[in-house]
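# What the coordinates show
Each chain is listed here by its residues.
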Amino acid sequence: MELLVDLHTHTLSSGHAYSTITENAQAAARKGIKLMGMTDHGPSMPGAPHLYHFGNLSILPEEISGVKLLPGVEANITNYEGELDVPLYYLAKLKLVLVGLHEICYPGGNSEQNTQAYINAMENPYTDMMVHPGRTYFEMDLERIAHASALLNIPVEINNSSLSTITDKSGALENCRFIAHYMAKYKGPVILGSDAHFWDRVGEFGEALELVREAGISQHQILNTSPERVLDYLAMRRKNRPVIDLLSPKSKQSIAYKVV
Ligand SMILES: [Zn+2]
Ligand SMILES: [Zn+2]
C-alpha cells in the first residue's frame, strides 16, 4: 500500500518539535509524500504557538520542494463537552483541523466522560479528523469511537508515533490494536499519521501499516493513499459547515462549536 499523504507533522513552532516546515517538506519529498499537513499543537499545550501563528499561515507557499502543504492545527479538546482551544475565527482559516486529547490540556475523566468528549469534538463541523485515540493517558470506549467515526464519516488516525516513540508501548499497542480492529469492523474512514516531531520521522508509517494489515482494514478505508481523496474530503467538510458570522466579536471569543 502506497501512502502519499502525511497529515500529521509538527514544526519548531510546537515547542517540543525540532524541524522547520522546509526541513519537513524536503524530507517528505524524499519519501515520495505529495501532500503534507502542518499541524502544530493548539495554544493550550505548553510551548505551543500563539493563535496569531494560526492566523498567518496563509503566507506560506502552496508547496515546498514539490510537496503540497495543508497548513492546519492539532487542536486540543479542553473539557468534557469536547470544546477546542482554537476559536472558530481561526479554525475557519485553516486547511486542516486535527483534534485530539492531550495531557495538561484536558482535565481527564472516566471512560464515559472521555469518550463523550472525543465524540462531541468529532461532531464539531470544524473538525476534520481525530487523532491518536490509542494513547493510554485517557481511557475511552474505542468501539464507540470507531462506530461514531463510521456514522459521522470522520477519519480516525492510527498514529505511528504512538507505536514507535512513546515509552508505554505495550499499552499503546494494545489500544491501537483495539481501535484498528473496530475500524475494520465498522468500516469508517482511517488515516495513518506519522505525528513527526523531527524531519526524519515525516512519512514514516511502518508500525501503523503493520497494525492496519493485522486488523484487516481495507485499503479503500484509508484516506491518505491518495492526495485527491484527502483534498476532496476536506472540500466536502468545508462545504457542509454551517454559516456562522465569524467576524462578530462573540464568535471570535467563543472557544469552540457547541454541539446542539
Ligand atoms: Zn507533540
Ligand atoms: Zn497529539
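Cut-offs applied
Residues numbered from 1 in each chain as written. Chains lettered and ligands numbered in written order. Predicted model: local features only at pLDDT ≥ 70, side-chain atom pairs only at ≥ 80, totals over all residues. Heavy atoms only, no water. Core = buried A, V, L, I, M, F, W, Y, C linked by side-chain atoms within 4.5 Å. Buried < 20%, exposed > 50% of the residue type's maximum accessible area, 1.4 Å probe, protein only. Contact = heavy atoms within 4.5 Å. Helix = DSSP H or I, 4+ residues; strand = E, 2+ residues; numbered from the N terminus. Pairing = 2+ DSSP bridges. Right-handed = clockwise from strand over helix to strand, strands pointing away. Donors = N, O, S within 2.8 Å, 3.2 Å for Na, K, Ca; no water. 1 Å grid on protein atoms, 1.4 Å probe; cavity = no way out; pocket = protein on both sides within 12 Å on 5 of 7 lines; lining within 4 Å. Points joined across faces, edges and corners; volume = space filled by probe spheres on them. Nonpolar A, V, L, I, M, F, W, Y, C, P; charged D, E, K, R; others polar. Disulfide = S-S within 2.5 Å. Polar contact = N/O pair within 3.5 Å; in protein donor to acceptor, adjacent residues only side chain to side chain. Arc of directions from axis to C-beta. Axes fitted to C-alpha atoms, helices over the stretch in contact; angles between N-to-C directions. Parallel < 35°, antiparallel > 145°, perpendicular 65-115°, else oblique. Left-handed = near helix turned anticlockwise from the far one by under 90°.

### Some remarks on the nonpolar core
Core analysis: the biggest nonpolar cluster contains 76 residues, and Ile 77, Leu 91, Met 129, Met 130, Ile 145, Ile 158 and Leu 192 have the highest contact counts within it. Apart from the residues within four sequence positions on either side, Met 130 is in contact with Ile 77, Val 99, Tyr 118, Ala 121, Met 122, Ile 154, Pro 155, Val 156 and Glu 157.

### A closer look at the pairing of strand E2 (residues 35–41)
In terms of residue burial, E2 counts as a mostly covered element, since 7 of its 7 residues are buried. Judged from the 2 bridges that link them, strand E1 (residues 5–6) and E2 form a sheet pairing that is parallel. Pairing of Val 5 across the sheet is with Leu 35, part of E2. With respect to chirality, the unit in which E1 leads through helix H1 (residues 21–30) into the neighbouring parallel E2 is right-handed.

### Quick look at the coordination of the zinc ion (ligand 1)
Around the zinc ion (ligand 1), the protein contributes the donor atoms His 16 (NE2), His 41 (NE2) and His 197 (NE2), which lie 2.0 to 2.1 Å from the metal centre. Taken in sequence order, the residues that donate to the zinc ion (ligand 1) follow the motif H-x24-H-x155-H. In this structure the zinc ion (ligand 2) is found 5.2 Å away from the zinc ion (ligand 1). You can see His 16 sitting in the loop between E1 and H1 and its partner His 197 sitting in the loop between strand E8 (190–193) and helix H8 (206–215), a full 181 residues away along the chain.

### Brief notes about the environment of Pro 125
Mapped onto the elements, Pro 125 comes out in the loop between helix H4 (111–122) and strand E6 (129–130). In this structure the C-alpha to C-alpha distance between Pro 125 and Pro 242, which are 117 residues apart in sequence, comes to 7.5 Å.

### Some words on the coordination of the zinc ion (ligand 2)
Coordination sphere of the zinc ion (ligand 2), protein contribution only: Glu 74 (OE), His 102 (NE2) and His 132 (NE2), at 2.0 to 2.1 Å. Sequence positions of the residues that donate to the zinc ion (ligand 2) give the spacing E-x27-H-x29-H.

### Observations concerning empty space enclosed by the protein
Inspection of every chain in the model, using the stated rule, returns 2 cavities of 30 Å³ or more. Looking at the largest cavity, its volume works out to about 50 Å³. Lining the largest cavity, in full, are Leu 101, Tyr 118, Val 131, His 132, Pro 133, Arg 135, Tyr 137, Phe 138 and Met 140. Classifying every residue of the lining of the largest cavity gives 7 nonpolar, 1 polar and 1 charged. Here the second largest cavity defines a volume of roughly 40 Å³. Lining the second largest cavity we find Asn 160, Ser 161, Ser 164, Thr 165, Ser 194, Arg 201 and Glu 204.

### Considering the state of the cysteines
All chains considered together, the criterion is met by 0 disulfides. In this structure Cys 176 is not part of a disulfide, and its nearest cysteine sulfur, from Cys 105, lies 19 Å away. Residue classification places Cys 176 among the buried positions, given a relative accessible area of 3%.

### Observations regarding the environment of Ser 14
Here Ser 14 shows up in the loop between E1 and H1. Between the C-alpha atoms of Ser 14 and Val 73, which are 59 residues apart in sequence, the distance is 10.0 Å. In this structure, Ser 14 is in contact with Asp 40, His 41, Pro 46, Gly 47, Ala 48 and Pro 49, ignoring residues within four places of it in sequence. Within polar-contact distance, the side chain of Ser 14 engages the backbone nitrogen of His 41 at 3.2 Å.

### Things to note about the side chain of Thr 115
With respect to the element layout, Thr 115 can be found in helix H4. A polar atom in the side chain of Thr 115 sits 2.6 Å from the backbone oxygen of Ser 111. Once residues within four sequence positions are removed from consideration, Thr 115 is found in contact with Met 140, Asp 141, Arg 144 and Ile 145.

### Side note on H1
Among the residues of H1, those classed as buried are Ile 21, Asn 24, Ala 25, Ala 27 and Ala 28. On an axial view of H1, the arc spanned by its buried residues comes to 160°, and they lie on one face. Buried positions along H1 lie against E2, strand E3 (63–64) and strand E4 (67–76). Downstream of H1 by a residue or two, Gly 32 has a phi angle that is positive, lying close to 85°.

### So, the packing of H4 against helix H5 (residues 142–152)
Direction vectors running N to C along H4 and H5 enclose 15°, while the axes themselves pass 10 Å from each other. Of the possible angle classes, the one that applies to H4 and H5 is roughly parallel. In this structure, H4 crosses over H5, and the sense of that crossing is right-handed. In contact with Glu 112, Thr 115, Gln 116, Tyr 118, Ile 119 and Met 122 of H4, H5 contributes Arg 144, Ile 145, Ala 148, Ser 149 and Leu 152. Grouping the constituent residues of the contact of H4 with H5 by class yields 6 nonpolar, 3 polar and 2 charged.

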